[in-house]
Amino acid sequence: SAVATLEDRVRELEGDLGGLVTGVAEARKTADSLRGRAEASSTADASTGLASRKFFDDLIGRELKRAKRHERSLALIIADVDFLDKYSTSFAPQSAEALMVSIAAVFKGQVRDTDLVVRFAPHRFAVLMPETDVEKAVEVGDWIRSMISNSPFPHRAEMPGGKVSISLGVGA
């Protein structure tokens, strides 16, 4: 009968609609997950797990204002890995990135939990140090430089001076 056929068609459409609603919900969940991963990746360097340059750029203005408002010091260390291009061309880009991951671990292990270590550029790190004067920042920077130059990184003997080295700039 026409009514039975119409009822079957309504049930079929309801089933299609239910599947469509489920599909939309799943698509929303996937989009939310991807959005969350994109936001996380914009705040952290994928290789080292350190804070990203974007995160640093978003944070530095607020930290400077806070330091000024509370009359507190704020120090910044910028560190370039010396001869990283030579390391990369001599031992492959993957080796250079592995070196950067190892150097990042040294930085992270030598600063306070309240300090922010940043992958500032492909060959550069930064450390933002709240409530730290320039003398203490220089001391920390020198200690990190010493730790890196004495670390047994792969291929260090082939580097100039027989070690991996960094150049630092410090300001407060």
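In this report, we go over the structure that sits alongside the text. None of the values given here were measured: they were computed from a predicted structure. (Residues numbered from 1 in each chain as written. Predicted model: local features only at pLDDT ≥ 70, side-chain atom pairs only at ≥ 80, totals over all residues. Heavy atoms only, no water.)

### Concerning a nonpolar patch on the surface
So, point 1. Together, Val 134, Val 138 and Val 170 make up a nonpolar patch on the protein surface, roughly 170 Å² of accessible area in all.
So, point 2. Along the chain, the position of Val 134 falls in helix α5 (residues 134-149).
So, point 3. By relative accessible area, Val 134 is classed as partly exposed at 31%. (Patch = residues over 30% accessible without salt bridge, like charges linked within 9 Å, V, L, I, M, F, W, Y side chains within 5 Å. Areas by Shrake-Rupley, 256 points an atom, 1.4 Å probe, with all protein chains shown as cover. Salt bridge = Lys/Arg side-chain N within 4 Å of Asp/Glu carboxyl O. Helix = DSSP H or I, 4+ residues; strand = E, 2+ residues; numbered from the N terminus. Buried < 20%, exposed > 50% of the residue type's maximum accessible area, 1.4 Å probe, protein only.)

### What about the packing of helix α4 (residues 93-109) against α5?
So, point 1. For the pair α4 and α5, interaxial distance at closest approach is 10 Å and the crossing angle is 140 degrees. When the axes of α4 and α5 are compared, the pair comes out oblique. Remark: the crossing between α4 and α5 carries right-handed chirality. Residues Ile 103, Val 106 and Phe 107 of α4 lie in contact with α5, whose contacting residues are Ile 144, Met 147 and Ile 148.
So, point 2. For the contact of α4 with α5, the per-class residue count stands at six nonpolar, no polar and no charged. (Axes fitted to C-alpha atoms, helices over the stretch in contact; angles between N-to-C directions. Parallel < 35°, antiparallel > 145°, perpendicular 65-115°, else oblique. Left-handed = near helix turned anticlockwise from the far one by under 90°. Contact = heavy atoms within 4.5 Å. Nonpolar A, V, L, I, M, F, W, Y, C, P; charged D, E, K, R; others polar.)

### Here's the deal with the pattern of salt bridges
So, point 1. Taken as a whole, this structure holds ten salt bridges when the rule is applied.
So, point 2. Here Arg 72 makes a salt bridge to Glu 131, at a shortest N to O gap of 3.8 Å. Of this pair, Arg 72 sits in the loop between α2 (53-69) and β2 (74-81) while Glu 131 sits in the loop between β4 (124-130) and α5, and the two are 59 residues apart along the sequence.
So, point 3. On the basis of relative accessibility, which here comes to 52%, the residue Glu 131 falls in the exposed class.

### Remarks on the pairing of β2
So, point 1. As defined by bridge partners, β2 adjoins β4 across seven bridges and the pair is classed as antiparallel. Each bridged residue has a counterpart across the sheet, and for Ile 78 the counterpart in β4 is Ala 126.
So, point 2. Bridge count between β2 and strand β5 (residues 166-171): six bridges; the pairing is antiparallel. If you follow Leu 76 over to β5, its bridge partner there is Gly 171. (Pairing = 2+ DSSP bridges.)

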